[in-house]
Amino acid sequence: MESKGGKKKSSSSRSSLMYEAPLGYSIEDLRPAGGIKKFSAAYSNPSPYKNFADEVAFLNRYFGGLKSGGNAYVIGDPAKPGQKWHIYYATEHPEEPVVTLEMCMTRLDKKKASVFFKTSADGHTSCAKEMTKLSGISDIIPEMEICDFDFEPCGYSMNAIHGHAFSTIHVTPEDGFSYASYEVMGLNPSSFAYGDLVNRVLRCFSPSEFSVAVTIFGGRDDVKTWGKMLDAEAYACSNMVEQELPSGGLLIYQSFTATDEAATGSPRSVLHGFVGDRAENGSENGEHDAPLCWEADAVHDETEGREAKKMKC
Ligand SMILES: C[S@@+](CC[C@H](N)C(=O)[O-])C[C@H]1O[C@@H](n2cnc3c(N)ncnc32)[C@H](O)[C@@H]1O
C-alpha cells in the first residue's frame, strides 16, 4: 500500500468516490504553484484518513488479531523527504509466500501523461476504459479484470483482480507534478518475470524517475528473480537497499533515474522508523543494525498518444 499522493477509495457507485488525505504530507506539499488548489476540499477527509497513525489503529481493529499481527512501516529516501511509502501488512498465514511489488513514478513522459486528460487539444473526449487501453495498462497483466475510473478534468485510478492477485494504479498526469503509482500483490512469482513486469509498467508512463519496492513475506524459495536487483532498461539505479523486516519479511528497494538525464544524489538509506506521524531517518550508509518499524502494539490503543481509434465508453 503506497501513499505518495494519497489513495482513492472507490465503490460501485461513482458518486461515493472519496479521496483520502495524502499520508505524511501537508496540503501545501501537494499544490505546486497552486496547481491543484481547486481540489483542496478533497484533502479535508474524515478520520481515519487524516494520518498514518489513525489508519494503522483503524486497520489493527480489523486485522491486528491475525497471526502475523499488524505490521506498519514508513519507507522513503532521506534525499526526498516529500516521498514516503506507508506499508501495512497482516495475514493469518504468515508462512505462505506473499510478494508485493510497488512502483512510484514521477515526471511522466508528457505524451503518455496526455492520455489521462479527458479532453485533448483536438476536442476528443476519453473515458477510463479508453485510457486503460491507450496507455497500455490493459497489457501489463492482460488476464486482469479491471475496474477503472477517470477524473475530471484529468487523472485516473483503477483496481484489478485475477484469482488471488490484486493490482491498483493511480495517475496524476498534470505537468510539473506528474505521478503514477503501480501496486500488485498475490501473484505467483514463479509465473511472472519481475523485470518484464516492471518494464511493462514503465512503458505506460516513461517516467524520468521511479522507485520500486518488492516486499516478500513467507517462504522465499519460490520468489526467484523477485528478490534480486532489478536491471531496468534505459534507467540507472541511484539507490538500493535490502532490508530484513521484523516480521520475517524482506524488502528490496531501488530507485532509478532515466539515463538520458543527469543523475541526482548519492545512494542513501531508505527505511525509516515511524514515530507518531513523522518518519525518522535511518543511517546514511544504507545499513541498519536493527530494522526499524512501527510496532503494532504501540498503536493499538491510538485511536501512445491519441492516434488510436476511439473506443466505446
Ligand atoms: C488519480 S487521483 C488520485 C491519485 C492517488 N491518490 C495517488 O496515489 O496518486 C489524482 C488525479 O486526479 C485529479 N483529480 C480530479 N478530481 C479530483 C479529486 N476530487 N480528488 C483528487 N484528485 C482529483 C488530480 O488532479 C490528479 O490528476
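Residues numbered from 1 in each chain as written. Predicted model: local features only at pLDDT ≥ 70, side-chain atom pairs only at ≥ 80, totals over all residues. Heavy atoms only, no water.

### Digging into the state of the cysteines
Here is step 1: Taken as a whole, this structure holds 0 disulfides when the rule is applied.
Here is step 2: Unpaired in this structure, Cys154 has its nearest cysteine sulfur neighbour in Cys127, at a distance of 16 Å.
Here is step 3: Taking the relative accessible area as the measure of exposure, Cys154 reaches 9% and is therefore buried. (Disulfide = S-S within 2.5 Å. Buried < 20%, exposed > 50% of the residue type's maximum accessible area, 1.4 Å probe, protein only.)

### Remarks on unusual backbone geometry
Here is step 1: A cis amide bond links Glu152 with the next residue in sequence, Pro153, at an omega value of 5 degrees.
Here is step 2: With respect to the secondary-structure elements, Pro153 resides in the loop between strand E6 (145–150) and strand E7 (156–162).
Here is step 3: At Arg107, a position not held by glycine, the phi torsion is positive, near 50 degrees. (Helix = DSSP H or I, 4+ residues; strand = E, 2+ residues; numbered from the N terminus.)

### Considerations on the pairing of strand E9 (residues 179–185)
Here is step 1: Of all 7 residues making up E9, 6 are buried, and the element is well covered by its neighbours.
Here is step 2: For strand E5 (residues 98–106) and E9, the ladder comprises 7 bridges, and the chain directions are antiparallel. Within the sheet, the bridge partner assigned to Thr106 lies in E9 and is Tyr179.
Here is step 3: Pairing of strand E8 (residues 165–172) with E9 involves 7 bridges; the strand directions are antiparallel. (Pairing = 2+ DSSP bridges.)

### Points about the pairing of E6
Here is step 1: Direction of pairing for E6 relative to E7: antiparallel, over a ladder of 6 bridges. Following the sheet pairing, Phe149 is matched in E7 by Ser157.
Here is step 2: Here E6 folds back onto E7 in antiparallel fashion, the turn holding 5 residues, of which Gly155 has a positive phi close to 110 degrees.

### Quick notes on helix H3 (residues 128–135)
Here is step 1: Within H3, 6 of the 8 residues are buried, which leaves the element mostly enclosed by the surrounding structure.
Here is step 2: Taken together, the buried positions of H3 are Ala128, Glu130, Met131, Thr132, Leu134 and Ser135.
Here is step 3: Residues of H3 that are buried sit in contact with E6, E7 and helix H4 (194–205).
Here is step 4: Looking one or two residues past H3, Gly136 carries a phi angle of roughly 95 degrees, positive in sign. (Contact = heavy atoms within 4.5 Å.)

### Here's the deal with the nonpolar core
Here is step 1: Formed by 45 residues in total, the largest nonpolar core has its most connected members in Leu101, Met103, Met105, Tyr182, Phe205 and Phe210.
Here is step 2: Every element with two or more residues in this core is listed here: E5, H3, E7, E8, E9, H4, strand E10 (209–217) and strand E12 (250–258).
Here is step 3: Residue contributions to this core peak at 7 residues, all from H4.
Here is step 4: Aside from chain neighbours lying at most four places away, what touches Phe205 is Met105, Leu108, Asp109, Lys112, Phe116, Ile137, Ile169, Val171 and Ala180.
Here is step 5: The next biggest cluster of nonpolar side chains, apart from the first, holds 9 residues, and it includes Ile75, Ile87, Ala213 and Leu251. (Core = buried A, V, L, I, M, F, W, Y, C linked by side-chain atoms within 4.5 Å.)

Everything listed here is a matter of geometry and, on its own, says nothing about what the molecule does.
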